[in-house]
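The lines below spell out each chain.
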Amino acid sequence: MDADTRLSRWENRAEGPLFAASLLYLGAYAAHVLAPGAPDWVHEALLSVVALTWAMFVVDYAVRWRLSGRRFGPRYVRDHAIDTVATLLPLLRPLRVVSLYEVVQRRREEPRLSLYGRVIAYGSMTAVLLGFAGALAVYQQERYASGATIRTFGDSLWWVIQTLTTVGYGDVTPVTSGGRVIAAFLMVLGLALLGAVTGSFSSWLIQTFTREDEKEPQR
């Protein structure tokens, strides 16, 4: 059995459980951040879940590398940038939702959505999950900072919506170094997602109008 076949079999088997693990990670992290008054043992249990799921992501990354048969180095990291970032920063695991979709479609042999529909669905789902994760991370960094304008989770959600949609009213902004690093990631990803979804929707409209023009009877 060659490396590509072994890697494909691993991806087919692991992608579903890993996506479930990413949701479990996000849920445990959310509970840890949003319930600061919970007993210590609850936070310890939540952090244990976070650590366990993170370890699963690391193991998956290592297995994918070994099954690929390639030498580990900068070139491998570059060619698997999303996998690398999602392993180092588990809150960005929503970016791998497209891999789950590809696995499902391989099992069904053909896609149920058009290319435009897939891009819009993937972009929308990623924006929601990524926005929620970003709001949690920024809220954790900002809520007790001196001079912070993001004091509640609602403030953080409002800020994330402004950031991902590139509106940026400026009424709430991160003041900590950690918050600003997260903001930089969200700005770049927000532009990429918005551009992909907008471009796909525009292409779909053009294609639809072109078909209608072609169907009109010639005078």
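Everything quoted here is computed from the prediction, not taken from an experiment.

## Re the nonpolar core
Okay, step 1: Counting 32 residues, the largest nonpolar core has Y29, L91, L130, L136, W159, V160 and L186 as the members making the most contacts within it.
Okay, step 2: Those elements that provide at least two residues to this core are helix 1 (3-34), helix 2 (40-68), helix 6 (115-142), helix 7 (153-164) and helix 8 (177-215).
Okay, step 3: Ranked by residues supplied to this core, first place goes to helix 1 with nine residues.
Okay, step 4: Dropping the residues within four chain positions of it, W159 is found in contact with V138, I150, V172, T173, P174, A183 and L186.

## Section: helix 7
Okay, step 1: Relative to the 16 Å expected for twelve residues at 1.5 Å per residue, helix 7 spans 16 Å between its end C-alpha atoms, a close match to the ideal helical length.
Okay, step 2: Turning to helix 7, its buried residues are F153, S156, W159, V160, Q162, T163 and L164.
Okay, step 3: Where helix 7 ends, the next residue or the one after it, T166, has phi of about 60 degrees, a positive value.

## Brief notes about the packing of helix 2 against helix 4 (residues 81-88)
Okay, step 1: Contact pair helix 2 / helix 4: the axes reach a minimum separation of 9 Å and the direction vectors enclose 150 degrees. Put simply, helix 2 runs roughly antiparallel to helix 4. The element helix 2 and its partner helix 4 pack so that their crossing is left-handed. On helix 4, the residues that touch W54, F57, V58 and Y61 of helix 2 are D83, T84, T87 and L88.
Okay, step 2: When its residues are assigned to classes, the contact of helix 2 with helix 4 shows five nonpolar, two polar and one charged.

## Topic: helix 2
Counting along an α-helix, one turn takes 3.6 residues, and residues three or four places apart therefore face a common direction.
Okay, step 1: With 29 residues, helix 2 extends 42 Å from end C-alpha to end C-alpha; this agrees with the ideal 42 Å at 1.5 Å per step.
Okay, step 2: Two residues or fewer past helix 2, G69 is found with a positive phi of approximately 75 degrees.

Rules of the game
- Residues numbered from 1 in each chain as written.
- Predicted model: local features only at pLDDT ≥ 70, side-chain atom pairs only at ≥ 80, totals over all residues.
- Heavy atoms only, no water.
- Core = buried A, V, L, I, M, F, W, Y, C linked by side-chain atoms within 4.5 Å.
- Buried < 20%, exposed > 50% of the residue type's maximum accessible area, 1.4 Å probe, protein only.
- Helix = DSSP H or I, 4+ residues; strand = E, 2+ residues; numbered from the N terminus.
- Contact = heavy atoms within 4.5 Å.
- Expected span 1.5 Å × (residues − 1).
- Axes fitted to C-alpha atoms, helices over the stretch in contact; angles between N-to-C directions.
- Parallel < 35°, antiparallel > 145°, perpendicular 65-115°, else oblique.
- Left-handed = near helix turned anticlockwise from the far one by under 90°.
- Nonpolar A, V, L, I, M, F, W, Y, C, P; charged D, E, K, R; others polar.

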